[in-house]
Each structure stands twice: as structure tokens, then as C-alpha cells.
Amino acid sequence: MQNKKDFRSGYVAVIGEPNVGKSTLINNYMGCKLSIVTHKPQTTRKKIMGILTKEDYQIIFFDTPGIIEPTYELQKYMVKTAYSVIKEADILLMMVEPFKQPAKIHRDVVKKLATFNKPILLVINKVDMVEKDKLLPIIASYNTLMKFSEIIPISAKEGTNLERLLSLIVQYLPEGEPLYPEDSITDYNERFLAAEIIREKVFEFYGEEIPYSSTVEIEEFKEREKGRDYIKAIIYVERKSQKGIIIGEEGKAIKHVGVIARKDIEDQLGREVFLELHVKVMEKWRKDTHKLKRLGYQ
Ligand SMILES: Nc1nc2c(ncn2[C@@H]2O[C@H](COP(=O)(O)OP(=O)(O)OP(=O)(O)O)[C@@H](O)[C@H]2O)c(=O)[nH]1
């Protein structure tokens, strides 16, 4: 570790619309899967912290739920979480896609972010999907919205420009000692990780409204000295018909989800587990503040 006066540390919030690639970026920097990634928007519901400690800096990343116009209680919770993360952060990374000119939502978000008076780095992700000559006018338009501290095109998926972005983040970090022990990589526990992995598989495996109507709660997580750890998880859905879809014919669908989730949990925890999945109906949980609290969306 460097002399403490040369050390930099601070919180970085990654902000953007659903599906722009926020989780992919953080996972890439962390070198492991801290936040679930799917091709469906609004996967990230809670703030997740990844702690990256190197020789002379420590960055604490917050992944934020995508900023959208909320229409139901869960979405309101997600947007509120995003803005509370922004308040805590030292640096804001606003992530956008390069496919179209800034829209009203981008102008509104920029206006709001500017009021926080913090360095804002505009990150244009997925540049692997556009020609260079299409990218330049997009950069120019964002440039007219406000004076960003930096504008940087990247591909979080392919790793393009990620070193450059990291060195810019470090430049804007405040000087200070590490805020967390050097060997921590996140502040969340194995229970949460297991629930997130199961939720990811539900997002990937089922179509239509099922992913958005489901949430996962770990009812029991027993670590055992001998044999596999025991995890009992409940997948909550909003309607009886959805329960039937999750279970599938002769239980085949849920069995499949259970197998792929278990393998992923085992990879992440580095040990074998026994995973038991149940499905329950909790009517309109997304729209009911009490039910949301009971499910951990506080
Ligand atoms: N081609 C390409 N795809 C990307 C890139 N970054 C992310 N993706 C894909 O975009 C999709 C969304 O990525 P996520 O990282 O889950 O996006 P997010 O912003 O965290 O999404 P929410 O959790 O919904 O807010 C996934 O299918 C990623 O594989 C990139 O640089 N290039």
C-alpha cells in the first residue's frame, strides 16, 4: 500500500437508463459477477457495491437501478434508490448508449445531476455496435447539454477503453485512506447473492411479464460443517397463473431453473450447495409498500 497521503478513495455511482450496461461495466472491473446481468431492462433493483482496491486507490462502485419514469411502487423505489445513491457518491458516471441523439429523459437527468455539484463523467457504452462516424455527432450533442468533466466512449462488454476510464475515475477521486478493508469486494452477503442469482435465472428463462412480477426471498440458508450448504428459496409471483408457468409441466421448468441457479451459486460461493425452490403467490406485491418492505425493498 502507498504512503497514505498519495492514496485516493471514494464512491462512484453508475447511473443510466435500464439496460445500458451499468452492471456489465462494474462486473468487468471487479473481475467477477457482483450484479446480475440480463438482456432485459430493469434487472437491477437494489444498490450494489463493488469495492476495487489497488496499490494507490480504492473505488467503491454503486450500481443503481435504471432511472425511468416510475409507474408502480417498485419502480418508484428503484428511482428513489438511484437518487439516494447519487447523493452519497463522490463521482457520477452517467452511462448512455450511442444509438440515438439525447432524448428528453437524458436532458432531465443531466439537469438533475448538475444540481449535485459533483464531477460527472459521461460514458458512452456499446461503441462496438456503431460506426465511428455515427458516434461523433452523438458525442457533439451530449457536449451541448452541459460541460461534463469527461466524455468517454467504451465497450463494457469487449473491454474497450476501460483502462482509460478507470484512470480518469482515479483522477477525480478524493485523496484519502481506504474506506473498507483491502480484501473486501462487496458489502452484501451470500444470502443476497444467492437470491440475486435465482432472480437472474428467472429473468433469463421466462418470458413476458413473469420476470417483472417475480422476486426471490431466501427463507433458509444453513451452512454445514459437513456436506452441502442448504438453501431454501421462495420465488414470489403476483398471480396463480404465473405460479403455474414458473413451475411448468410436471415441474420441468422450475427444475431447470433450480439446476442452473445452483451451479452458478456454487461457482460464486466456491462450494457445493443443495438448493430447494418453492413458488408462492403474493398478490400485487410490486404495488404495495408493505409487501415491498416485507420483501426487503426498504
Ligand atoms: N454489444 C454490447 N452489449 C453490451 C455492452 N455492455 C452491456 N451490454 C449488454 O447489454 C445488456 C444489459 O446490460 P446490463 O449490464 O445488465 O445493463 P444495466 O444497465 O445494468 O441494466 P439494468 O440492471 O436493467 O439497469 C446485456 O445483454 C449486456 O450483455 C457493450 O459494451 N456492448
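As the structure is a computational prediction, the values presented were derived from the model and not from experiment.

Of note, Gln268 is situated in helix 9 (residues 252-269). The exposure class of Gln268 is partly exposed, given the 17 C-beta atoms found within 10 Å. As a C-alpha pair, Gln268 and Ile197 span 71 residues in sequence and 9.4 Å in three-dimensional space.

Attention now moves to helix 3 (residues 104-114). For an α-helix the count is 3.6 residues per turn, leaving residues at separations of three or four pointing the same way. Of all the residues in helix 3, the buried ones are His106, Val109 and Leu113. Considered in projection along helix 3, the buried side chains sweep an arc of 65 degrees and stay on one side of the axis. Turned more than 90 degrees off the buried face of helix 3, the exposed positions are Lys104, Arg107, Asp108 and Lys111. At its buried positions, helix 3 is contacted by strand 4 (91-96) and strand 5 (120-124).

Before going further, it helps to spend a moment on the packing of helix 6 (residues 190-205) against helix 9. One can describe the packing of helix 6 onto helix 9 by two numbers: an axis separation of 9 Å at closest approach and a directional angle of 140 degrees. The angle between helix 6 and helix 9 falls in the class oblique. As helix 6 runs across helix 9, the sense of the crossing is right-handed. Between helix 6 and helix 9, the contacting residues are Glu190, Leu193, Ala194, Ile197, Ile198, Lys201, Val202 and Phe205 on the first element and His256, Val257, Ile260, Ala261, Asp264, Ile265, Gln268 and Leu269 on the second. Each residue belonging to the contact of helix 6 with helix 9 can be placed in one class, and the counts come to eleven nonpolar, two polar and three charged.

Averaged over the protein chain, the pLDDT score is 85; the fraction of residues at 70 or greater is 86%. Predicted complex metrics record ipTM = 0.97 and pTM = 0.70.

Nonpolar side chains in soluble globular proteins tend to end up buried together. The biggest cluster of nonpolar side chains holds 38 residues, and the ones touching the most others in it are Val12, Ala13, Val14, Leu92, Leu93 and Met94. Take this core: its biggest share by element is six residues, from strand 4. Apart from the residues within four sequence positions on either side, Leu92 is in contact with Ala13, Ile15, Ile86, Leu113, Lys118, Pro119 and Ile120. If you look at the next biggest cluster of nonpolar residues, it comprises 20 residues, including Ala194, Ile231, Ile246 and Val273.

A few words on the pairing of strand 1 (residues 8-16). With seven of nine residues buried, strand 1 is to be regarded as a mostly interior element. As defined by bridge partners, strand 1 adjoins strand 3 (residues 57-63) across seven bridges and the pair is classed as parallel. Its bridge partner lying in strand 3, Val14 is registered against Asp63. The pairing of strand 1 with strand 4 spans five bridges and is classified as parallel. Bridge assignment links Val12 to a residue of strand 4, and that residue is Ile91.

Basis of the calculations
Residues numbered from 1 in each chain as written. Predicted model: local features only at pLDDT ≥ 70, side-chain atom pairs only at ≥ 80, totals over all residues. Helix = DSSP H or I, 4+ residues; strand = E, 2+ residues; numbered from the N terminus. Buried ≥ 20, exposed ≤ 12 C-beta atoms within 10 Å, placed from the backbone. Arc of directions from axis to C-beta. Contact = placed C-beta atoms within 7 Å. Axes fitted to C-alpha atoms, helices over the stretch in contact; angles between N-to-C directions. Parallel < 35°, antiparallel > 145°, perpendicular 65-115°, else oblique. Left-handed = near helix turned anticlockwise from the far one by under 90°. Nonpolar A, V, L, I, M, F, W, Y, C, P; charged D, E, K, R; others polar. pLDDT = per-residue confidence, 0-100. Core = buried A, V, L, I, M, F, W, Y, C linked by C-beta atoms within 7 Å. Pairing = 2+ DSSP bridges.

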